[in-house]
Amino acid sequence: GKGQFDHFMLKEIHTQPTSLQKTLEGRLDPEAGDIDLDIETDLSDVDSVQLVGCGTSYHAALFGASLLNRCDVPARAIRASEYDLTTGSLTDNTLFIAVTQSGETADTLSALRQVNEEGVETLAVTNVVQSTAAREADEPVYIRAGPEIGVAATKTFSSQAAVLTLLSQHLSDIVDSGVPADNLDRLVSDMAELPDAVEQVLQTSDAKRLAREYLDMNAYFFIGRGLGCSVAKEGALKFKEITYEHAEGFASGELKHGPLALVTDRTPIFAVCTDGSGKTVTNAEEAKTRGAPIVALGPSDHQIMDTADEQLYVPDRHPVCANLLANVQLQLLSYYCATELDREIDKPRNLAKSVTVE
Ligand code: F6R
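Here is what the cut-offs are and how they apply
- Residues numbered from 1 in each chain as written.
- Predicted model: local features only at pLDDT ≥ 70, side-chain atom pairs only at ≥ 80, totals over all residues.
- Heavy atoms only, no water.
- UniProt positions renumbered as here; feature names shortened; annotations may be inferred.
- Near = heavy atom within 4 Å.
- Polar contact = N/O pair within 3.5 Å; in protein donor to acceptor, adjacent residues only side chain to side chain.
- Areas by Shrake-Rupley, 256 points an atom, 1.4 Å probe, with all protein chains shown as cover.
- 1 Å grid on protein atoms, 1.4 Å probe; cavity = no way out; pocket = protein on both sides within 12 Å on 5 of 7 lines; lining within 4 Å.
- Sits in = over half its atoms within 2 Å of the grid points.
- Helix = DSSP H or I, 4+ residues; strand = E, 2+ residues; numbered from the N terminus.
- Nonpolar A, V, L, I, M, F, W, Y, C, P; charged D, E, K, R; others polar.
- Buried < 20%, exposed > 50% of the residue type's maximum accessible area, 1.4 Å probe, protein only.
- Contact = heavy atoms within 4.5 Å.

Under an unreviewed UniProt entry, the name given to the chain is Glutamine--fructose-6-phosphate aminotransferase [isomerizing], and the source organism is Haloferax gibbonsii. According to UniProt, the comment filed for the chain under the heading Catalytic activity (unreviewed entry) is "D-fructose 6-phosphate + L-glutamine = D-glucosamine 6-phosphate + L-glutamate". The UniProt entry for the chain carries the following text under Subunit (unreviewed entry): "Homodimer."

If you want it as structure tokens, here you go:
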């Protein structure tokens, strides 16, 4: 049941310290600074990766592709509904990764089946043991997040991103790109402490107060760069799903190429500032000049704080962890906005937990 929580979604958000612990169990060795994903499939010939999924799982795929690219493993995230062998970059040495919580999403299964026909190696990063994707891929890699009841995916995004992080390090060793995983020691130790850091963010979040402050706006924009861009997109998807308000997420630098025309004092901008780059700060300043309220997600000493009207605190961690923590803040923001608006949190209108038609 929901226990002490009003909704499954809130319960699932608060379960993340435990669900992430299960995701990481036995797969991280902080003492040795090592990662052991225990994959049996022989990946020694892999020279590039395609990650395919829908909705939130697509955003996890984007997160994974960005990480792989950071360690010089060529990787692309592709929306399953757009997947087509003729437009893809599939070769015999491509690893195909289906990212799907349920393992039953028709679009994702369709892409997996097309690729299986080609005989390339396939993995399914999935939550549901023995799901169709788990059975049809060469090997399932389970995210172990436990059952998710809320239609809006929360804890499963965190666990998917965590598994794809481990997988990207595993692959960068195998592909031997010559580019070491960036700051592997810090990554392993911050990942090991991620469950505690999530707990800290849950205990101290200001999202409920902010949700009240920014009710009744015209639109909500979420911006970020790199890993932060996938979190911005995920933040906007969650927001629109459960609040029914207009929300968009995009790369910070895109703001000035069009969306800025929509920016007013009634379009708050949530800026994911989980890297040291000043570019998102500049982009947020451009929006502030047009009157937009700026809510910064980042550590308190980040330069964005000079521009920001409000902050959703994210501790200074390895970018992988900082971005997952920013995402937890955005989950809470969506949840509290939706409760203020009296929406049906666990079963948003028109949506189903698992979409079994193409
Ligand atoms: C968003 C959401 C959907 C799913 C998408 C894919 O909160 O739940 O966007 O992420 O339908 O579902 P799976 O991961 O089961 O393939």
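**Student:** Give a detailed account of the site of the ligand, specifying residues and quantitative values.
**Tutor:** As a matter of local geometry, the ligand sits amid 13 residues, with Ser57, Thr100, Ser102, Thr105 and Glu241 nearest to it. Take Thr56: an N or O atom from its main chain is 3.1 Å from an oxygen atom of the ligand. Side-chain polar atom of Ser102 to an oxygen atom of the ligand: 2.6 Å apart, as the coordinates give it. Relative to its free-state accessible area of 400 Å², the ligand is covered by the protein chains to the extent of 91%. Structurally, the ligand is housed in the largest pocket. Among the secondary structure elements, those contributing two or more residues to the shell around the ligand are helix 3 (55–70) and helix 10 (227–243). By residue number, the principal contributor to the shell around the ligand is helix 3, which donates 3 residues. By residue class, the composition of the shell around the ligand is 4 nonpolar, 7 polar and 2 charged.

**Student:** How would you sum up the environment of Leu109? Please name residues and give values.
**Tutor:** Examined against the element boundaries, Leu109 turns out to sit in helix 4 (residues 106–118). The class for Leu109 is buried, based on a relative accessible area of 7%. Residues Leu109 and Thr132, 23 residues apart in the sequence, show an inter-C-alpha distance of 7.8 Å. When neighbours within four sequence positions are excluded, Leu109 is seen to be in contact with Gly103, Glu104, Thr132 and Ala133.

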